[in-house]
Each structure stands twice: as C-alpha cells, then as structure tokens.
Amino acid sequence: MKKFDDIVSDLAPREFGKTGLAWIGFLVVLVILGIVAYADQVIQGQKVTNMRDYALWGIYISNFVFFVATSFVGSATVAILRLTNNSWRTPLVRIAEIITLACIVMAGITITIDMARPDRVMNLFIHARLQSPITWDIIIIPTFIVISLLMLYFPLLPDFALMKKHFETSKPRLSRWYGRLSLKWTGSSAQKALHSRSIMVLSVLILIAGVMLQTIDAWLFSTTYRTGWDSSAFAPYFISGAFVAGIGALVTVIYIVRRTRKLEEYITEGHFDKMGKLLTLACIIYLYFNINEYVIPFFTAKKGEDAHLESLLTGHYAGLFWFVTLAGLVLPIFLLLFKKGRKPLPMFFIGIVVVIGSWWKRYIIITPTLLEPFMPIQGVPESWRTYFPSAHEWIITIATLAMALLIITLLVRFLPAVPVQRTADEMETKAEASLKKIAS
Amino acid sequence: MDENNKKTRRKFLDRGLKLGVAGVLGGIGLSKLSAKFAPDDKAPTGETMELMTTDGTIVEIDTSEVMEVEHHHHYSMDYNVREGIPNRKFVMVVDLAKCKNALKCQQSCNKNHYITGDNAWLKVYKMQESADTAPYWLPTMCQHCDKPACVTVCPVDATFKREDGLVLIDNERCIGCRFCMAACPYSTRVFNWGDPGQEVTLNMDMTGVEPTPEYAGRPSLKGTVDKCDFCPHMVKEGELPHCVTACPNGVFYFGDKYEDTVTNGEETLRLSKLLEDKAGYRLLESLGTEPSVYYLPPVDRLVDFEEGMSEFKEFESVEKPSEE
C-alpha cells in the first residue's frame, strides 16, 4: 500500500513544465485576440458578425448552448454518482466540478457577447419581466454558478488543509493561501459530519439546478413558433445532449490530466471503462431523442418541417448533420461497446470527437431553423439567406473556448485535481479490508 | 393621380359624418343651455336643415342653431405612450385583390421612417402557395398582434403592447438580444446591426425633438430592433399611416375596430361587413397570435399578377442612394 505522504505528493499541485507554460501562453494569446475582436464588435456594432435579420442568432448562441450543456457534467456524473454512492467516482469528481464551473462561467460571458447592447445589461435587472425565458436564464445561471462553485469548494476543504501542511516548508506563501482557504479544517468528526451532509445537500441542489438550467436553455428555443424548435420534447432532448457533451469533455480532460500528471495509478483503466459505459448510455439516450426529434416530423412531413429536414438530411447542412449524428453519436456507441474501445487512448479520441460533434450539433439546432422562417425570405440581400460565422465571430468564439480551457488548466494547476484525502481514506479502507481477508 | 392625392389628404374619420354630427349635437346642447341663462341674441333665420342624430333619427333644426365646434385631435399630451390612445383599437385591412406591387407603400414607409438598412419594415412578398394556385402580391407589415409573441419573450419590456392595439419598441431600453425577432412568426422585425447612419439623428440634435416609440425610426439606434409602428405619429394628428396614403391602388384600409370603420382615404367602409363580404382572414391564424391586420383574398383581380413583376426585386427592399 502507498504511504499517505506519497499519495499527497503524487496528487499535490505541481508547477507547469515547459509544455504547460507554452499551453498557457497559447491560450492567453487566443483570449487576447478575442478581447480585441470583441472590442471592435462593441465599437462597430454586430455588423462585424455575419448574423443578419434572418440568421439573427449565430455561433455566439450555439456556443452558449454548448457551454451550458457541457456544464451539466457536474450534475450528471458528480451528483448522480455521489447520490448513488458509486465509489469509482473519486478520482473524477474534482475535474468534473472544475469543468462545470469553467463552462457555466463562460456560458454567462458568451450570452453577454451576443447582446448587441452590453451597455444596457443592467436593464435585465431594472426592467426584468418574469415571463421572458431570458429572465429565467438570468436567474438560473448565477444560481448555478454559485452552486457549482460551492460544489467545487466544499469537497476541497480537507485537501486544502493537507496542501497547507504539504507546502509549509517548500512554498510558505502558497501554503498560507491553502491555509486560509481550508477554513480551519481539522478533520474532527463534527466537521466531517457537517461536511458530508453539506456535500449531500449540494449534490441534490446541483442536480435540480442542472436540470432546470438545461430545461430553460431548451425553452429559449421551444417557446417560439419556429420550425425545428417548436417541440415539446426539447427539454429532455437538451438534457440528454448535455449528458453526452459533459461526459465527452470529462473523458478528454481526464485523459490529459492523467497523462501530464502521470496519475495512472489513481485514474486507472477501470475508471475509463466505467466512464466509457456511462458515455455509451448517454449517447444511446441522446440518439433516442434525436430519432424522436427527426423521425416524427419526417413522417408527418408538414410543409415547413419537410423543408427543414430536407436541408438537414440531403441539403445545405447534410455534411454537418451526418457528421454530428454519425461520428458524434452513432460511432461512439458502436466503438464503446467493445472493451478495447473503452481503453484510455481510444476513449480520448472518442471524447474529442464527441465534444466537437456536440459543438456543431448546437449549430445545427440553431442556424438552419432561423433560415427557414414562415414567410419567404425576400427583399433582402442574397447573402442574408445563408449564414456562416465571420472572422470576428470565430476569433471571439475561439477565445471563449480558450478561456474555458484556461480556467480549467489553472484550476488543475492550483488545486489537487484528484481528491487527496478521500483517495487516501479509500485506499486505507481497501487495505484494511484486504488485511481482514488475509486474517480470516 | 393628383386627384387621388388630394382625396387621400382628407382628414381621417373625424372630419367625416361623425364629427359633423357630434358638432351639431354639441351645438344644440350649448345653444339650448345658453338660451336658458341668457337672452338669445340670434334670431331664427327661418331656414332649416336636416341632420341625423347618433341614434339615426333625422331631425330638422333652424340653421341658426347650428354652430361649429372646434375639434381637437391632439392626444399627444393626454395619454401615456406605453398605454396608448384611450378607447381606440387600430386595425388594418389589406385588399390583396388590388395589390399590383407598385411598392409606393414601401417607398413612402422607408422615407418617412428614415430607413437606412437593407430590410424594409413593409415588404411585398411574391407569394404562391402551391404550383397549382395563382400567385399574388402580399404586403406585410407588423401585424400588431393581440397576443404578440415578441412582447411575451422580451426580457426588459422594451417591446410592449398598448391598449389601442399597437405593438411598439422602446429603443432606448432594448438590449439587443433579438429574442423578439426569433419569436415573431411574420419575420417583420429588423435589426440595426451597425450604426444606422440616419441624417435625422443629426437634425434631431438640432431641433431638440424627443425620441419616442411613437415615431419609430426617428432615430434608429445601433444594436436595437425596429419594425412597423402603425404610424401613431400620423394617427394622433388625424392622418392615415404613410403606406395607406401612398398606395395608388387603395390596397390598405386603416381604422378603428371599436368604431367598426376602416378607410383607405377614398372610401370608408364597415370593417365587420367588409371582412364578412370579402372573406377576410389573418396571416398564420392557426398560431393564435391574433393579428390586427386583416387580409382580403386576391379574388376578382383587376390587374394581371405579371404586371407587378417589373417592380419586383428579390434582393432589395430599401433603395440605396445611387453612388455616383
């Protein structure tokens, strides 16, 4: 059995190597470019985007939906696994919580980027109207940010105390910060009882808030009359899609953290196997909702629905549609059914494809619908009949994605990415159990 | 043409029969009252005239009894811009049988609302429901729905519904989220993606005119939504909206649902009878938006659909000043 001190030093945050620093530098450059492009957008107005009166929302909104969906991983894996007492979750939860926090913060920023009058953002509070789905979003997103922040912070308390001790001599300043953040955690039984109860409450809260968040996000679209959005199944469709996006992102990030931090002993192939099964389940459920969402309109073939489906299945968006459906959904299900497909490296690639597919999936949900309004598109420049993001939109969107990765990277750098105390405790109980077995 | 214009300049509704009757009755009332308190200084002339009272009875009175009442139609100070003109319910009727895509409506609307973008508020669509049915011209503007989807989804109450039926936009409050545009099934809303660059903005700074949702487009603001406002700035002066007066074919009728009358400037008709006789309908009625704009089907058309093709521009609705 590993010694406690070894576990602590294995899992304690480490300084970046050269690659790490280059990675941070790369992300920072992308973020700066995005800030410059955004400043230009504010000055010139959104005419720098390729959005126009028909394609009135573009990748800012689909990127927002992607962030919201990915943030669901904190509810999906963490809370559900916690509540069902699945002990294999231990090395995965912290990273899931980090992804959730990064994504939901970026979702809030992204939706503001889409606002053409960010100078009037306070109107959302001063003149708030409760009947607007946007107001529901304004309520749920900050709520979710707070809950996911607490969900990340609470389980960290014992680890902060450990880190304080660990860095006491090597890095006194960092150690003091960990000490402050640990809120005088001593590990007394009273603290432990309170701690586990609080985490339980938070798990329930984040599950509820997560479902509400995805639902409201879906309702932003399904509360309109638009063909392709006007669906009563949109909320569960979005929730199941969020499972896929979230777990895909989790698998990808976990793989990278495991490799760069050499945590093979803690994040084992068994963990990937379990995540693979979870991802398969998520993909199958999402596939079910996809079939529901596309096959029924195909069957009834109402005029608008028919044109919409045609553009997806064989028309302008066919390439993207089949990519997100086949590569992003069907292929992962197929590959993950095999034990070999659930090994870390294949899982990493599947995870990346799933995340890319999830991003484009949101694009496919939003753009084609807007370009098929009830009235014909006439009397506007021909270019308004199609939409593809402008350079400004790409640069800004890439910057938001880079910023999410930056938040994740920095949190992984400064926080123990795998819960230390809990890992040690579990190893101890395991060792005790095996000792008992030998004794008997 | 000139004759037409003169006619269309006739004051809207109130200068008609109704006002006359109101004036006469007021006159009778006043003269009777004054007769009680002061000796009548007007001697009966002996000449009489026939007038109809509001309940439809014809009465004969001495001409000396008749006196004109000055009629005020300036509501501007009397009502709240967000609540609307009291006791009115504005509606429009568009007779598709008469429309031949002359586009005078659109040009007048663009000019009077200082539209500088690429998407007009008033569009005339070339429509054909199916290969077997006849094509027709369909002018559309904001439908001023009684159950407006745009108003429901607006997070800041920037777009609002008034008691007089109008759906307007407070572009000083709009945050530019464009949810209303996504919600509107009639694709009637347009967005100021960049600086509108209107000359009017400059002029207003000098004249000190206050911007109001009642005169949408004056000025348009970057990053906010615009759309047809049903021209309340004209209506409160007793005039018809610009598209109505500009149309050479009398396609548009504007009026008040409570009064049950609509006029295209040439003829004033009973709204209910018109809709009943000509089988009026509303766009996308099945969505339940309850529009304030009614359409009369394109039957018994006087002109060939093809005639309108000369004016039809598939990719343009706002004429740009030619760059020379």
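With an unreviewed UniProt entry as reference, chain B is termed 4Fe-4S dicluster domain-containing protein, source organism Muriicola jejuensis.

If you check an unreviewed UniProt entry, chain A appears there as Polysulfide reductase from Muriicola jejuensis. UniProt, in the comment section headed Subcellular location (unreviewed entry), describes chain A in these words: "Cell membrane". Quoted straight from UniProt, the Sequence similarities (unreviewed entry) entry for chain A says "Belongs to the NrfD family."

Re the packing of helix 3 (residues 59–70) of chain A against helix 15 (residues 344–370) of chain A
Residue and element names in this part refer to chain A. Packing of helix 3 against helix 15 brings their axes to within 8 Å, and their N-to-C directions diverge by 130 degrees. Classed by the angle they form, the pair helix 3 and helix 15 counts as oblique. Taken as a pair, helix 3 and helix 15 cross one another with a handedness that is right-handed. Contacts from Ile59, Ile61, Ser62, Asn63, Val65, Phe66 and Ala69 of helix 3 reach helix 15 at Val355, Ser358, Trp359, Arg362, Tyr363 and Ile366. A class-by-class count of the residues in the contact of helix 3 with helix 15 yields nine nonpolar, three polar and one charged.

Notes on the packing of aromatic side chains
For the structure shown, the criterion picks out 35 aromatic pairs over all chains. Through pairs of rings, three or more aromatic residues link up here, namely Trp57, Phe221, Trp229, Phe234, Tyr237, Phe238 and Tyr286 of chain A together with Phe179 of chain B. Above the ring of tryptophan 177 of chain A, the side-chain terminus of arginine 180 of chain A is found at 4.8 Å from the ring centroid. Cation over ring: arginine 413 of chain A sits above phenylalanine 16 of chain A, and NZ or CZ is 5.9 Å from the ring centre.

What about helix 7 (residues 133–153) of chain A?
Counting along an α-helix, one turn takes 3.6 residues, and residues three or four places apart therefore face a common direction. In this model helix 7 of chain A runs 30 Å from its N-terminal to its C-terminal C-alpha over 21 residues, within 8% of the 30 Å that 1.5 Å per residue would give. If you check which residues of helix 7 of chain A are buried, you get Pro133, Ile134, Thr135, Asp137, Ile140, Ile141, Phe144, Ile147, Ser148, Met151 and Leu152 of chain A.

Some points on the confidence of the model for chain B
Residues and elements named next belong to chain B. Averaged over chain B, the pLDDT score is 85; the fraction of residues at 70 or greater is 80%. By mean pLDDT, the top-scoring element of chain B is strand 13 (residues 293–296) (98), and the lowest-scoring one is helix 1 (residues 2–8) (48). Predicted confidence for residues 1–14 stays below pLDDT 50, and this span has 26 contacts to residues more than four positions away or in other chains.

Quick word on the pattern of salt bridges
Any two side chains of opposite charge can pair, so long as their charged atoms come close to each other. Tallied over the full model, the rule gives 28 salt bridges over all chains. Residue glutamate 314 of chain B is joined to arginine 385 of chain A by a salt bridge in which the shortest nitrogen-to-oxygen separation is 3.2 Å. Remark: arginine 385 of chain A occurs in the loop between helix 15 and helix 16 (391–414) and glutamate 314 of chain B occurs in the segment after strand 13; the pair is interchain, linking two chains. On the accessibility criterion, glutamate 314 of chain B (34% relative accessible area) is partly exposed. Accessibility expressed as a relative area gives 28% for arginine 385 of chain A, which makes it partly exposed. Close ionic contact of lysine 89 of chain B with aspartate 146 of chain B constitutes a salt bridge, the shortest N to O distance being 3.1 Å. Taken as a pair, lysine 89 of chain B in the loop between strand 2 (58–62) and strand 3 (90–95) and aspartate 146 of chain B in the loop between strand 5 (136–140) and helix 4 (149–153) lie far apart in primary sequence, 57 residues in all. For aspartate 146 of chain B, a relative accessible area of 31% puts it in the partly exposed group. Ionic contacts of the salt-bridge type, sharing partners, join the residues Arg129 of chain A together with Arg82, Asp157 and Asp170 of chain B into one network.

Some remarks on helix 9 (residues 172–181) of chain A
Residue and element names in this part refer to chain A. Residues Leu174, Ser175, Tyr178 and Gly179 constitute the buried set of helix 9. End-on, the buried residues of helix 9 take up no more than an arc of 145 degrees, which puts them together on one face. Of the surrounding secondary structure, the elements contacted by the buried residues of helix 9 are helix 8 (157–166) and helix 16.

A look at the nonpolar core
As a rule of thumb, soluble globular proteins bury nonpolar side chains together. Core analysis: the largest hydrophobic core is formed by 188 residues, its most contacted members being Trp57 and Phe221 of chain A together with Phe252 of chain B. Those residues within four positions of tryptophan 57 of chain A in sequence are excluded, and the remaining contacts are Met51, Asp114, Phe221, Trp229, Ile366 and Leu370 of chain A together with Cys177, Arg178, Phe179 and Ala182 of chain B. In this structure, Tyr253, Leu271, Leu274 and Tyr294 of chain B belong to the second largest nonpolar core, which totals nine residues.

Focus on the side chain of aspartate 256 of chain B
Residue and element names in this part refer to chain B. Relative to the assigned elements, aspartate 256 resides in strand 10 (residues 252–256). Its relative accessible area of 0% is what places aspartate 256 among the buried residues. Engagement of the side chain of aspartate 256 in a polar contact is seen with the backbone nitrogen of lysine 89, the distance being 3.3 Å.

Observations concerning the interface of chain A and chain B
Quite often, the size of an interface is put as the accessible area lost when its parts meet. Counting residues at the interface gives 46 residues for chain A and 54 residues for chain B. Note on chain A versus chain B: buried area summed over both sides is about 4000 Å², and carbon and sulfur give 56% of it. It is Tyr225, Met375 and Gln378 of chain A that lose the most area in chain A upon contact with chain B, and together they represent 18% of the buried surface on that side. Between the two partners, chain A and chain B, sit three salt bridges. Counting the contacts that link chain A with chain B gives 34 residue pairs in polar contact (both at pLDDT 80 or more). Counting only elements with at least two residues in the side of chain A that touches chain B, the list comes to helix 2 (18–44), helix 6 (123–126) and helix 7 of chain A. Tallied by class, residues from the side of chain A that touches chain B come to 22 nonpolar, 13 polar and eleven charged.

Topic: the environment of proline 142 of chain A
Checked against the element boundaries, proline 142 of chain A lands in helix 7. Here the alpha-carbon distance between proline 142 of chain A and isoleucine 364 of chain A, two residues 222 residues apart in the chain, equals 27 Å.

Looking at the pairing of strand 5 of chain B
Residues and elements named next belong to chain B. Most of strand 5 sits inside the fold, with five of its five residues counted as buried. Burial along strand 5 is two-sided: the residues Tyr136, Leu138 and Thr140 and Trp137 and Pro139 are all buried. Bridge count between strand 4 (residues 123–127) and strand 5: five bridges; the pairing is antiparallel. Directly across from methionine 127, in strand 5, lies its bridge partner tyrosine 136.

Focus on the environment of histidine 233 of chain B
Residues and elements named next belong to chain B. Position of histidine 233 relative to the elements: it lies in helix 7 (residues 232–235). Using a relative accessible area of 9% as the deciding quantity, one classes histidine 233 as buried. Each C-alpha atom, one on histidine 233 and one on threonine 212, is 9.5 Å from the other, the two residues being 21 residues apart in sequence. With near-sequence residues (within four places) excluded, histidine 233 lies in contact with His113, Glu214, Tyr215 and His242. At 3.3 Å, the side chain of histidine 233 and the side chain of histidine 242 are in polar contact.

Quick word on unusual backbone geometry
All names here are of chain B. That bond from arginine 218 to proline 219 is cis: its omega, -5 degrees, falls within 30 degrees of zero. Relative to the helices and strands, proline 219 is located in the loop between helix 6 (199–207) and strand 9 (225–226). Here the phi dihedral of glutamate 290 falls at roughly 55 degrees; this positive angle occurs in a residue that is not glycine. Looking at the element boundaries, glutamate 290 is found in the loop between helix 9 (271–277) and strand 13.

A word on the sheet that holds strand 12 (residues 268–270) of chain B
Residues and elements named next belong to chain B. What the five strands build is an open sheet, ordered 12-11-10-3-13; its pairing is mixed. The strands lining the two open edges of the sheet, one partner per strand, are strand 12 and strand 13. Taking each pair of neighbouring strands and ignoring which way they run, the sheet shows an average axis angle of 25 degrees. Where strand 11 (residues 261–263) meets strand 12, three bridges bridge the pair, whose relative direction is antiparallel. Bridge assignment links threonine 263 to a residue of strand 12, and that residue is threonine 268.

How each quantity is defined
- Residues numbered from 1 in each chain as written.
- Chains lettered and ligands numbered in written order.
- Predicted model: local features only at pLDDT ≥ 70, side-chain atom pairs only at ≥ 80, totals over all residues.
- Heavy atoms only, no water.
- UniProt positions renumbered as here; feature names shortened; annotations may be inferred.
- Axes fitted to C-alpha atoms, helices over the stretch in contact; angles between N-to-C directions.
- Helix = DSSP H or I, 4+ residues; strand = E, 2+ residues; numbered from the N terminus.
- Parallel < 35°, antiparallel > 145°, perpendicular 65-115°, else oblique.
- Left-handed = near helix turned anticlockwise from the far one by under 90°.
- Contact = heavy atoms within 4.5 Å.
- Nonpolar A, V, L, I, M, F, W, Y, C, P; charged D, E, K, R; others polar.
- Phe/Tyr/Trp six-rings, centres within 6.5 Å; stacked < 30°, edge-to-face > 60°.
- Lys NZ or Arg CZ within 6 Å of the ring centre and 35° of its normal.
- Expected span 1.5 Å × (residues − 1).
- Buried < 20%, exposed > 50% of the residue type's maximum accessible area, 1.4 Å probe, protein only.
- pLDDT = per-residue confidence, 0-100.
- Salt bridge = Lys/Arg side-chain N within 4 Å of Asp/Glu carboxyl O.
- Arc of directions from axis to C-beta.
- Core = buried A, V, L, I, M, F, W, Y, C linked by side-chain atoms within 4.5 Å.
- Polar contact = N/O pair within 3.5 Å; in protein donor to acceptor, adjacent residues only side chain to side chain.
- Buried area = accessible area lost by both parts, 1.4 Å probe.
- Pairing = 2+ DSSP bridges.

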